[in-house]
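Now for the letters of each chain:
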Amino acid sequence: MKRHRGRLIAVAAAAVPVLALTACAGSTTPASTQKPVNKVFTYDTTAPVMVDGWDPATEYSDGILAMSEMYETLTRYNSATNTVGPMLATSWSSADGGKTWTFHLRHGVTFHTGRPMTAQAAKAAIQRTIKLNGGAAYIWAAVKTIDTPDQYTLVFHLSYASPLALQASADYSAYIYDTQGPAGQTGNAFTSWLNAGHDAGTGPYTVQTWNKGQEFEVYLKQFGKYWGGWSGTHFTKVVFRVVPQDTTAAQLLRSGQVTFIEQIAPSLWSSFKGDSSITTVSSPSWQNLLAQLNVKALSLPVRQAILYAIDYRGIIAALRGAGVQSSGIVPPGMFGHFSDLPDYSFDKAKAAALLKAAGYGPGKKALNLSLTYTQGDSNEQVVATIIKSDLAALNVNLSVQSLAWPTQWAKGKSSNPAQRQDIFLEYWWPDYPDPYSWFSNLLQTESPPYYNLSYYSNKSMDSMINQVEPLTATDKNAAAQLYKNMQVTIVQQAPLVSLYNANYQYAMLSGISGFRVDPAYPNVVFVHDLKP
Amino acid sequence: MIRYVIRRVTLAFVVVAGVVILTFVISDVVPGDPAASWAGPHASAAQIARARQYLGLDQPLAVRIGKYFAGIVTGNWGTSIHTHRPVLSDIGTAAPATLELVIAALVIAILAGVPLGLAAARWPGRGLDHAIRVGSVLGVSMPVFWLALIFQLVFAQRLRLLPVAGQYDPNLVFSHPLTVRTQLPVLDSLISGNWAMLGSTLTHLILPALVVAAYPAGVIARMVRAQVLDTLGEAHVQMVRSLGFPERTVFGTFAMRLAWNPVAAILALVFAYSLVNTFLVESIFDWPGLGSYAAASVSTLDTPAIVGVTLFVAAAYVVANLVVDLVQAALDPRIRLR
Amino acid sequence: MSGIGVRGFGVRGGVRGFGRFLRANPLLATGGMIALLIVLIAVVAPLVVPYPADAGAATHPEMALQAPSAQHLFGTDQVGRDVFSRVVAGTRVSPLVALFVLLIACAVGIPLGVLAGYFGGIGDETIMRITDIFLAFPPLLLALAFATVLPANLTSLTIAIAITWWPWYTRLVRGQAASVAGRPYVEACRALGIPSWRILLRHVLPNSVTPVIVQVSLDFGGVILTAAALSFLGLGAQDPTPDWGLMVAEGQNYFTTQWWLVTFPGLAILLTALAFNLLGDGLRDVLDPRRVLIR
């Protein structure tokens with residue numbers, strides 16, 4: 001989803017700061033009487049994190065990096081076991097063919113505003129999220145009514161069957177939060193209070209300062225009353241630091257000033273391998289890079305020609321391990337993925353033939369197209385360069401523009417169709433472990449456009465999208481088949497293509513344990529789980 | 001004298017006004033939709049229209065220019081599209097860091113350039129002179145962004161002598177918090193006796209300052225050399241020589257005093273050039289100054305911010321020029337009478 | 001009188017005289033030779049370049065990021081293009097931009113300066129105030145402001161920098177024109193009824209030639225640096241144009257592990273600017289009659 005996250009650099013600042021270093025030499029103070037040391041986890045990004053406001057209901061961009069520390073969901077997904085585990089809910093059950101869901105809430109959870117979390121508070125949060133209808137609020141679309149028979153029980157009545165426990169673990173719009181500010185603000189006043197840089201979550205960390213537009217963008221400090229407790233060693237602070245340059249970030253890691261780098265130019269990541277002070281982690285993800293072709297500006301033969309003209313293997317080679325070949329648009333490891341789908345492959349002759357039929361191609365009229373990608377992402381830049389060169393061989397002049405994400409997105413959503421691009425590069429990752437978000441966000445008819453930046457509109461695809469969610473809750477095999485049909489349709493109608501599936505390439509200082517990569521929560525580090 | 005001052009100040013105002021009009025006219029040609037950029041990712045068409053109204057983009061150019069002028073005087077330089085804060089406050093936050101960098105660079109440039117220029121003039125035509133001349137041309141011809149990358153690679157990464165980026169070590173913020181008074185970390189840590197922080201700020205300042213100092217050092221060395229040589233060839237100096245005084249004394253008496261004149265004359269110029277050079281260097285060193293702000297504004301097509309920064313730098317240049325002119329006029333009556 | 005006074009040695013003396021001239025002005029000689037070399041390379045570039053397609057749109061992702069070797073003297077970049085070919089091809093990009101910028105600057109600036117200086121009056125005042133405004137900006141800043149609002153390509157870059165640069169020539173020439181205009185023989189010409197344009201052409205312009213030549217060669221380096229800086233910021237040449245500034249920008253992310261991506265294009269910028277600056281310096285030394293004779 002919501003992209004611009006090509007590469008986030010998570011930089012974790014090392015634990016023991018200068019305090020220990022500047023302690024007088026020769027001091028023999030035993031450890032137990034030393035001042036408690038601030039263990040700071042600095043998360044380094046290329047661009048500011050809180051760009052979509054501070055509202056947990058409508059956040060749909062990179063803010064989840066910070067919000068995942070401050071807010072929690074009812075359940076949490078574990079990709080290693082492919083199961084949904086307890087978080088703010090300790091147990092749950094479904095009845096009535098998946099149309100009634102009962103959640104039992106954890107006791108002793110306190111909001112950062114001071115109030116205790118009760119079923120009523122949780123209900124208010126979910127209803128507010130539904131009402132605001134931003135972000136991934138569609139995950140609650142099936143909810144008809146919510147009952148709170150007692151302080152710690154939530155009962156959902158759905159209008160159609162839906163895998164609610166799974167959806168409640170989503171990385172967007174599934175947070176449980178207090179709907180009142182500490183001074184009792186509600187409604188718009190509460191939203192304004194949130195957007196001024198405050199949080200009303202239940203998570204282990206709470207916001208300390210927000211320096212909008214500055215390098216050290218967000219400071220989070222530990223929330224003493226966190227239900228998970230603070231026994232053992234934990235990081236006490238989390239800092240989000242904006243460092244636009246890959247090379248600077250790499251050097252900061254090497255010098256020990258950062259602990260964790262999330263995504264970095266592959267050649268730099270490989271250069272960490274020999275360093276004993278750094279641990280590198282590579283993991284497949286559910287994130288892929290999509291090229292969305294403007295169906296209003298480009299005819300079907302032209303779109304297909306473009307897709308035949310791209311050297312997919314070359315792209316993978318140039319990425320040096322940061323990406324793997326895609327099959328269809330659903331990434332591997334998720335149901336709905338099929339590795340045997342008919343797909344486009346690099347075939348210059350076919351591309352030339354298709355262009356020729358349309359009056360373009362080598363020796364004929366030159367075709368001028370535009371492509372936009374997100375600035376600051378070296379992988380996207382390499383991909384754009386290769387596509388440009390591939391198309392140039394076919395007498396197609398591709399003008400490539402690198403734009404900051406908000407600018408790129410605004411241009412794609414422009415009300416003036418003449419200003420929109422022909423090819424839009426962006427990453428996508430799911431809202432919850434299900435292929436639905438690709439289709440509902442990218443391929444459903446949208447007017448005005450939001451994330452469907454191929455401007456694709458197909459009634460039969462719309463109806464398939466409407467069918468698949470309830471089907472997932474009742475007959476998963478049928479749902480998988482429907483996803484297969486949808487992907488075949490996409491191949492035939494060529495509104496978009498997945499260029500590659502991203503491998504998360506993390507690097508961090510050795511000595512930190514407890515880190516687990518989870519594609520369900522892309523690039524999120526649950527800092528409380530780490531041991532410095 | 002008064003009349004001279006009035007004349008120069010008026011001229012300065014006219015120039016700055018012309019600068020504003022020019023940048024406005026330029027920025028009006030912008031393709032793309034700043035209103036959409038402002039309204040943000042969730043905006044509907046209605047919200048974008050409202051944003052257009054709020055930003056005043058629906059009014060004719062002349063009106064906008066008029067309003068902007070009125071705004072400048074009252075301190076409203078528009079609102080930045082990418083930070084959503086007043087441009088003037090953004091500049092106010094970012095400017096001190098750049099100022100710190102430029103001042104440090106100029107200090108280094110003077111400390112290096114003047115002695116080198118003098119040395120070149122003392123023994124002209126010899127190897128040292130040629131070396132210094134080549135060196136100063138090298139400084140002037142250096143692509144500053146390239147030098148920044150090379151320095152960062154060599155000194156910070158390979159040799160690990162100096163820190164990579166930033167203004168100071170972020171960990172120190174917790175253990176040795178800095179009391180902000182002048183917004184210049186070096187000065188603040190000096191004033192408050194925060195030695196750990198002072199050390200950190202100084203070591204972080206060295207590389208960027210050296211990089212930015214290359215150009216002014218070259219210019220200063222060249223100018224000092226030229227000025228001293230010129231003067232040494234003049235009649236009255238020849239006379240002193242003919243009286244039998246050794247070259248050493250001649251040089252000491254005349255050259256040393258004269259060296260500062262050209263430095264003062266071009267100080268405003270190299271100040272402005274260095275200020276603009278920081279645009280290229282700051283993003284490489286993660287220096288939170290005007291340069292980073294300008295680079296971010298360029299990449300988000302944030303025209304109010306770009307206009308604001310341009311105006312600020314131009315105004316700074318004009319003011320610096322004015323100050324230097326006035327000081328020189330105060331010292332040299334011939335200038336006033338022209 | 002225009003001073004084509006060669007320092008110490010007359011135009012006579014033939015080759016030996018020229019040799020002595022070069023030795024007496026080593027900086028001019030060095031700068032001139034490097035500049036000449038660069039011009040030569042620019043001229044023969046298409047013939048000399050080992051992988052001509054790499055200077056254009058070709059990519060070879062399988063050979064990305066290879067270190068300098070016999071087949072690729074300067075290594076390959078992030079999409080497998082030969083860096084040596086691109087650096088050599090780049091001699092046709094920035095220097096050409098600089099050439100056009102200065103041509104435009106002269107074409108616009110010199111006539112304006114001549115008119116302002118010779119005729120004086122309101123025209124002079126207006127033109128001078130306008131140049132004051134432009135000269136209030138450090139060149140890079142003004143060019144940056146212009147380049148941001150124009151679509152990013154080489155043409156916009158050329159225009160943006162040319163707009164910034166012409167006032168210097170106006171100023172330069174105006175001074176010359178004004179001083180010539182006041183001379184007795186020019187007044188005599190006017191009294192004789194000789195039309196102004198004749199006077200301008202035959203007396204005013206030739207006097208301005210020398211300082212303009214010096215200024216152009218000095219400015220060449222400055223324009224190249226400005227163009228490189230703007231391309232570095234993304235406002236000038238776009239991929240795959242082999243512009244040196246653009247290459248440095250693209251290579252930044254790989255620099256610490258693949259140093260060749262940034263080092264060679266940057267050296268090219270440095271050498272070109274250095275050569276023309278030395279040339280300009282040397283020319284100024286040689287052509288300025290007021291310069292003190294050192295030896």
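Look up: the structure comes first, before these words.
Residues numbered from 1 in each chain as written. Chains lettered and ligands numbered in written order. Predicted model: local features only at pLDDT ≥ 70, side-chain atom pairs only at ≥ 80, totals over all residues.

Comments concerning the sheet that holds strand β8 (residues 153-158) of chain A
Residue and element names in this part refer to chain A.
Alright, step 1. Here we have 4 strands laid out as an open sheet, ordered β5-β6-β8-β7, and antiparallel in their pairing. The strands lining the two open edges of the sheet, one partner per strand, are β5 (89-95) and β7 (143-150). Within this sheet the neighbouring strands show an average axis-to-axis angle of 20 degrees, counted without direction.
Alright, step 2. With 5 bridges joining them, β7 and β8 adopt antiparallel strand pairing. By the bridge assignment, V143 is partnered in β8 with L158.
Alright, step 3. Across the sheet, helix α3 (residues 119-132) touches β6 (100-105), β7 and β8, and the angle it forms with β7 is around 165 degrees. (Pairing = 2+ DSSP bridges. Helix = DSSP H or I, 4+ residues; strand = E, 2+ residues; numbered from the N terminus. Axes fitted to C-alpha atoms, helices over the stretch in contact; angles between N-to-C directions. Contact = placed C-beta atoms within 7 Å.)

Here we look at the nonpolar core
Residue and element names in this part refer to chain B.
Alright, step 1. Counting 338 residues, the largest nonpolar core has V144, F145, A148 and V211 as its most contacted members.
Alright, step 2. Top contributing element to this core by residue count: helix α10 (residues 195-232), with 19 residues.
Alright, step 3. Look past the residues within four positions of A148 in its chain and what remains in contact with it is V211, V281, I284 and F285. (Core = buried A, V, L, I, M, F, W, Y, C linked by C-beta atoms within 7 Å. Buried ≥ 20, exposed ≤ 12 C-beta atoms within 10 Å, placed from the backbone.)

Brief notes about the interface of chain C and chain B
Alright, step 1. Across the contact, 37 residues belong to chain C and 41 residues belong to chain B.
Alright, step 2. Considering only residue class, the side of chain C that touches chain B consists of 27 nonpolar, 6 polar and 4 charged. (Nonpolar A, V, L, I, M, F, W, Y, C, P; charged D, E, K, R; others polar.)

Description of helix α6 (residues 246-254) of chain A
Alright, step 1. In terms of residue burial, α6(A) counts as a mostly covered element, since 9 of its 9 residues are buried.
Alright, step 2. Within α6(A), the full set of buried residues consists of D246(A), T247(A), T248(A), A249(A), A250(A), Q251(A), L252(A), L253(A) and R254(A).

Some details on unusual backbone geometry
Residue and element names in this part refer to chain A.
Alright, step 1. Put simply, S447 and P448 share a cis peptide bond, and its omega is 5 degrees.
Alright, step 2. Within the element layout of this structure, P448 appears in the loop between α13 (436-442) and α14 (459-474).
Alright, step 3. If you check the backbone angles, D96 has positive phi at about 60 degrees while not being a glycine.
Alright, step 4. Tracing the sequence through the fold places D96 in the loop between β5 and β6.
Alright, step 5. For R320, which is not glycine, the phi torsion reads 50 degrees and is therefore positive.
Alright, step 6. Here R320 lies in the loop between α9 (312-319) and β15 (323-324).

A closer look at the pairing of strand β19 (residues 496-509) of chain A
Residues and elements named next belong to chain A.
Alright, step 1. Of all 14 residues that make up β19, 12 are buried, and the element is covered over most of its length.
Alright, step 2. When strand β14 (residues 278-293) meets β19, the two strands line up antiparallel, connected through 12 bridges. If you follow L289 over to β19, its bridge partner there is Y500.
Alright, step 3. In this sheet, β19 lies alongside β15 in antiparallel orientation, the contact comprising 2 bridges. By the bridge assignment, G323 is partnered in β19 with A502.

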